[in-house]
Amino acid sequence: MERIGKIYRSTIEKDFKKKLSSTNSLFVVKYSGLKAPELAEFRNNLSRVQSKVFVAKNSLVRRVLKEAQLEDLISLLEGQAAVIFAYDDPLSICKAISAFSKKHAALEFAGGILEKRLVNKNDLASLVNIPSKDELRAKLVFCMKAGINNFVFILSGILRKPLNVLNAIKNKKEGGK
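The rules behind these values
Residues numbered from 1 in each chain as written. Predicted model: local features only at pLDDT ≥ 70, side-chain atom pairs only at ≥ 80, totals over all residues. Heavy atoms only, no water. Helix = DSSP H or I, 4+ residues; strand = E, 2+ residues; numbered from the N terminus. Rg over C-alpha atoms; globule rule 2.2 N^0.38 Å. Buried < 20%, exposed > 50% of the residue type's maximum accessible area, 1.4 Å probe, protein only. Contact = heavy atoms within 4.5 Å. Areas by Shrake-Rupley, 256 points an atom, 1.4 Å probe, with all protein chains shown as cover. Lys, Arg positive; Asp, Glu negative; His and termini not counted. Charge placed at Lys NZ, Arg CZ, Asp CG, Glu CD. Axes fitted to C-alpha atoms, helices over the stretch in contact; angles between N-to-C directions. Parallel < 35°, antiparallel > 145°, perpendicular 65-115°, else oblique. Left-handed = near helix turned anticlockwise from the far one by under 90°. Phe/Tyr/Trp six-rings, centres within 6.5 Å; stacked < 30°, edge-to-face > 60°.

I'd like a description of the overall build of the protein, backed by residues and values.
Within the protein one finds six helices and five strands. Along the protein, from the amino end to the carboxyl end, the secondary structure elements read α-β-α-β-α-β-α-β-β-α-α. Relative to the globule expectation of 16 Å for 177 residues, the C-alpha radius of gyration of the protein, 28 Å, shows a markedly less compact shape. Taken along the three principal axes of its C-alpha coordinates, the protein extends 110 × 30 × 30 Å. Within the span of the protein, comprising 177 residues, buried residues form 34% of the whole. Taking the contacts inside the protein whose residues are at least 6 apart along the sequence as the reference set, 79% of them involve residues at least 24 apart. In the structure as shown, the protein presents an accessible area of about 11900 Å², 58% of it carried by carbon and sulfur atoms. Seen as two clouds, the 32 positive and the 17 negative side-chain charges of the protein have centres 8 Å apart.

The structure is reproduced here in structure tokens:
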């Protein structure tokens, strides 16, 4: 008969491996000094941007990261560390982490993997300034709409010119009587 602790650890490890295989970006944050309600608020903020916060023993996370050949992240796991799995737009998650860490100094971005590229806390500042996918889509639609609007304005000008000539002739005939 297996002990409950071993069953629990194997369940946590399987869950971590499943989440790791279903994402292409993950981040490590240090949350030492963060109170439970603040950590719950942080989890809620990140769930709004399609991500999950995973807190487990560092030894378990190190073992799984080593098996997944992500040894670069192992050095980031010191003290109270949490792993954040990004499921949608990783830049919006970086922005959420940055915004929360500005309000709560106890949260510190340690690093992570963004689309198979290692990022550190210095990279976070530059990532936050990049517009999100939604902002880029809005800018693209605006540019496309502006071109169409200009084309319609030009076409309407072509139709307006003969009308202006006819109105000028009419005004000249009425004024000449």
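Residues and numbers for the packing of helix H2 (residues 36–47) against helix H4 (residues 90–103), please.
A pair of packed helices is characterised by two quantities: the angle between their axes and the separation of those axes. Contact pair H2 / H4: the axes reach a minimum separation of 10 Å and the direction vectors enclose 155°. Classified by the angle between their axes, H2 and H4 sit roughly antiparallel to one another. Crossing hand, H2 versus H4: right-handed. Contacts between H2 and H4 involve Glu38, Glu41, Phe42, Asn45 and Leu46 from the first element and Ile93, Ala96, Ile97, Phe100 and Lys103 from the second.

Report on the packing of aromatic side chains, specifying residues and quantitative values.
With the rule as written, the count across this model stands at five aromatic pairs. A ring pair is formed by phenylalanine 54 and phenylalanine 85, whose centres lie 6.1 Å apart and whose planes are at 80°; its orientation type is edge-to-face. Of this pair, phenylalanine 54 sits in strand S2 (residues 51–54) while phenylalanine 85 is found in strand S3 (residues 81–86), placing the two residues 31 residues apart along the sequence. Members of the aromatic cluster, connected to one another through ring pairs, are Phe16, Phe54 and Phe85.

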